[in-house]
Amino acid sequence: MRVGYVQFAPSLGDLDATLGNLEELLPRVMPADLIVLPELCNSGYNFASREQAISTAEQITDSSFIAFLAEHCRKRRCHIVSGFNEREGERLYNSAVFVGPSGCSGLYRKLHLFYREQDFFEPGNVGLPVFECGPAKIGIQVCFDWLFPESWRVLAIQSADIICHPCNLVLPGMCQRAIPIHAMINRFYIVTANRVGSEGDLSFTGASLIASPRGEVLTQGPPDTAHVSVVDVDLSRSRDKQITPMNHLIQCRRPDQYGLLTE
Ligand code: ACM
């Protein structure tokens, strides 16, 4: 199976410009079964007001962004996970959509909202679902979720092989150092698709990467320019959770001793 990412600068409040960029970049991720795009890819990130956040959001069921992605999936027989500014009624969610040839078939809503995101978005309320993508099971985390090992572990317990991680990272270098460790201690692949460029007082840190179940960095982008990459993943590596003949990563956990984690 081949997985990749597109690192670029979505345009704040200008979906047509973003789609123009993707039209050029997506075909360069070739061939790929699964492609990951950055956080809030349909809207941009640093909203000046709640009105701007609302006016750039879309409903899952009526989204020209999702229709565009689905068309690419039909042409190239692939799937895409993308950050998505989602409106449901009066509420906004910092979401990620799982899109295939027939449209959106999966949704995750960011659990851990970062800084001023809390002015615009509701915290996620759909848990940590896992989706079938061809032979793989995939899970999703969005950007600042990186700092919470609990949610990565919940995806490992559900046998996720690949975690798709749309990002708009602003704290230099921190997440990019943690991702190979999350991959190693959960033995799954992680595709972190970060953005570049700046919006107002925020600069985004690029350096998107794909990490292996052994904690290797298989590919990494530059900090400041658009970049695409695609690698082969071997699902037998994410499914081998046997650390020694007597130690299994999932079975050797002691949840009876971890009560504090869920208080
Ligand atoms: C972030 O969660 N966008 C830093």
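To start, this report covers the structure provided alongside it. (Residues numbered from 1 in each chain as written. Predicted model: local features only at pLDDT ≥ 70, side-chain atom pairs only at ≥ 80, totals over all residues. Heavy atoms only, no water.)

1. Focus: the pattern of salt bridges
Working step 1: Counted by the stated rule, this structure contains 15 salt bridges.
Working step 2: Glutamate 199 is the partner of arginine 195 in a salt bridge, and the nearest nitrogen-oxygen pair spans 2.7 Å. Neither residue differs from the other here; arginine 195 and glutamate 199 are each classed as buried.
Working step 3: Arginine 214 is the salt-bridge partner of aspartate 240, the closest N and O atoms lying 4.0 Å from each other. Separated by 26 residues along the polypeptide, aspartate 240 in the loop between helix 6 (235–239) and strand 15 (242–244) and arginine 214 in the loop between strand 12 (209–211) and strand 13 (217–220) bring together distant segments of the chain.
Working step 4: By sharing partners, the salt bridges in this structure join Glu39, Lys110 and Glu117 into a single network. (Salt bridge = Lys/Arg side-chain N within 4 Å of Asp/Glu carboxyl O. Buried < 20%, exposed > 50% of the residue type's maximum accessible area, 1.4 Å probe, protein only. Helix = DSSP H or I, 4+ residues; strand = E, 2+ residues; numbered from the N terminus.)

2. What about the packing of aromatic side chains?
Working step 1: This model, assessed by the stated rule, comprises nine aromatic pairs.
Working step 2: Relative to phenylalanine 148, the ring of phenylalanine 144 has its centre 5.5 Å away and its plane inclined at 80°; by these criteria the two rings are edge-to-face.
Working step 3: Put simply, the rings of Phe114, Tyr115, Phe144 and Phe148 touch in pairs and so form one group of aromatic residues. (Phe/Tyr/Trp six-rings, centres within 6.5 Å; stacked < 30°, edge-to-face > 60°.)

3. What to know about the packing of helix 1 (residues 15–25) against helix 3 (residues 64–76)
Working step 1: Two elements in contact, helix 1 and helix 3, have axes separated by 11 Å at closest approach and are oriented at 10°. Classed by the angle they form, the pair helix 1 and helix 3 counts as roughly parallel. Between helix 1 and helix 3, the contacting residues are Leu15, Leu19, Leu22 and Glu23 on the first element and Ser64, Phe65 and Phe68 on the second.
Working step 2: Its residues assigned to classes, the contact of helix 1 with helix 3 comprises five nonpolar, one polar and one charged. (Axes fitted to C-alpha atoms, helices over the stretch in contact; angles between N-to-C directions. Parallel < 35°, antiparallel > 145°, perpendicular 65-115°, else oblique. Contact = heavy atoms within 4.5 Å. Nonpolar A, V, L, I, M, F, W, Y, C, P; charged D, E, K, R; others polar.)

4. Considerations on helix 4 (residues 149–157)
Working step 1: All of the buried residues along helix 4 are Ser151, Trp152, Leu155 and Ala156. The buried residues of helix 4 occupy one face: seen down the axis, they fall within an arc of 145°.
Working step 2: Note on helix 4: the residue one or two positions beyond its end, serine 159, has a positive phi of about 65°. (Arc of directions from axis to C-beta.)

5. Digging into the sheet that holds strand 4 (residues 91–100)
Working step 1: Taking strand neighbours across the sheet as the criterion, the six strands line up as 5-4-3-2-1-14 in an open arrangement whose pairing is mixed. At either end of the open sheet lies a strand with only one pairing partner, and these are strand 5 (103–109) and strand 14 (227–232). When strand polarity is set aside, the average angle formed by the axes of neighbouring strands in this sheet is 30°.
Working step 2: Where strand 3 (residues 79–88) and strand 4 come together, nine bridges link them in antiparallel fashion. By the bridge assignment for strand 4, valine 81 is matched with phenylalanine 98. (Pairing = 2+ DSSP bridges.)

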